[in-house]
Amino acid sequence: MEKVCVLTTASEQETRAVALKLVTLLGTGDVLALEGDLGAGKTTFAKGIAEGLAIEEEVDSPTFTIIKEYEGTLPLYHMDVYRLDGFEELGLEEYFYGDGICLVEWASRVEAWLPEETLWLRFSVRGDGTREIAFYAGHSRWESICKELGIG
Ligand code: ADP
Ligand code: MG
């Protein structure tokens, strides 16, 4: 997978703002894989995506429920597969190839089942507390994303 671009955010608001910009470029069936340690900013990013889809309901970490579904301008499927055990039984593929936008926290655990066009975002905490967000994709659809986000 190619690294498409890297950006830095200095606050929760900045991370949400990146998600708000990105959501304007997303459509039905897009899957975003969110990687990074606990507290790195994955759920914060998901809140920004939800805001961009005009979802009013509070988005929190679906760690215990594995998946939460929200209705916005597009459906949002927000998953946290950290505790997932017995993936096939849950039928998550239905969501990966569904008609909404799918966000998957700890996605590397289900990597084999994700669509080829998945956009990967790796969150990491820098020494100064800022967050690095690196975008990776193996599909040309995402190549222009940095430019469109105004960060390339
Ligand atoms: P994760 O889902 O990756 O475990 P969360 O988004 O739940 O992480 O938590 C990130 C925490 O870090 C929040 O408490 C948030 O306020 C804080 N934070 C500080 N700086 C940032 C930043 N630049 N981006 C995102 N979150 C940040
Ligand atoms: Mg989380």
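Rules behind the numbers
Numbers given for residues are sequential positions, taken from 1 along each chain in its written order. Note on labels: chains are lettered from A, ligands numbered from 1, in written order. Selection of residues for local features in this predicted model requires a pLDDT of at least 70, selection of side-chain atom pairs for listing and counting requires 80 or more, and totals for whole chains, interfaces and linings are taken over all residues. Derived side-chain values reflect all non-hydrogen atoms in the structure, with water molecules and hydrogen atoms excluded from consideration. Secondary structure elements are defined from DSSP: runs of H or I of at least 4 residues count as helices, runs of E of at least 2 residues count as strands, and each element is numbered from the N terminus. Any two residues whose heavy atoms approach within 4.5 Å at even a single point are treated as in contact. Strand pairing is assigned whenever DSSP detects at least two bridges linking the two strands. Inter-axis angles, ranging from 0 to 180 degrees, are taken between N-to-C directions of lines fitted to C-alpha atoms, where helices are fitted over the stretch in contact. Partly exposed residues are those whose accessible area sits between 20% and 50% of the maximum for their type, while under 20% is buried and over 50% is exposed, using a 1.4 Å probe and protein chains only.

K.L.:
Which parts of the structure should I look at to understand the environment of G98?
P.N.:
Relative to the elements of secondary structure, G98 occurs in the loop between α4 (93-96) and β5 (101-105). For the pair G98 and E57, spaced 41 residues apart in sequence, the C-alpha to C-alpha distance is 21 Å. Ignoring anything within four residues of it in the chain, the contact list for G98 reads T28 and G29.

K.L.:
Help me understand the sheet that holds strand β2 (residues 31-35), please; the structure alone is not making it clear to me.
P.N.:
Strands pair in a sheet through their backbones, by hydrogen bonds, and they do so in one of two ways: parallel or antiparallel. Spatial strand order, β1-β7-β6-β2-β5-β4-β3: seven strands in an open sheet with mixed pairing. With partners counted over all chains shown, the strands left at the sheet margins are β1 (2-9) and β3 (67-71), one partner each. Averaged over neighbouring strand pairs, the angle between their axes works out to 20° when direction is ignored. For β3 and strand β4 (residues 75-80), the ladder comprises five bridges, and the chain directions are antiparallel. Along β4, the bridge assignment pairs I67 with M79. Docked against the sheet, helix α1 (residues 12-23) engages β1, β2, β6 (119-125) and β7 (131-137), running at close to 135° with respect to β1.

K.L.:
Looking at this structure, I do not really get unusual backbone geometry. What am I missing?
P.N.:
The phi torsion of most residues other than glycine is negative, and most of the peptide bonds are trans. We note that A54 has phi near 60°; this positive angle belongs to a residue other than glycine. Its place among the elements puts A54 in the loop between α2 (42-52) and β3. We note that W106 has phi near 60°; this positive angle belongs to a residue other than glycine. Mapped onto the elements, W106 comes out in the loop between β5 and β6. What makes W106 buried here is its relative accessible area of 18%.

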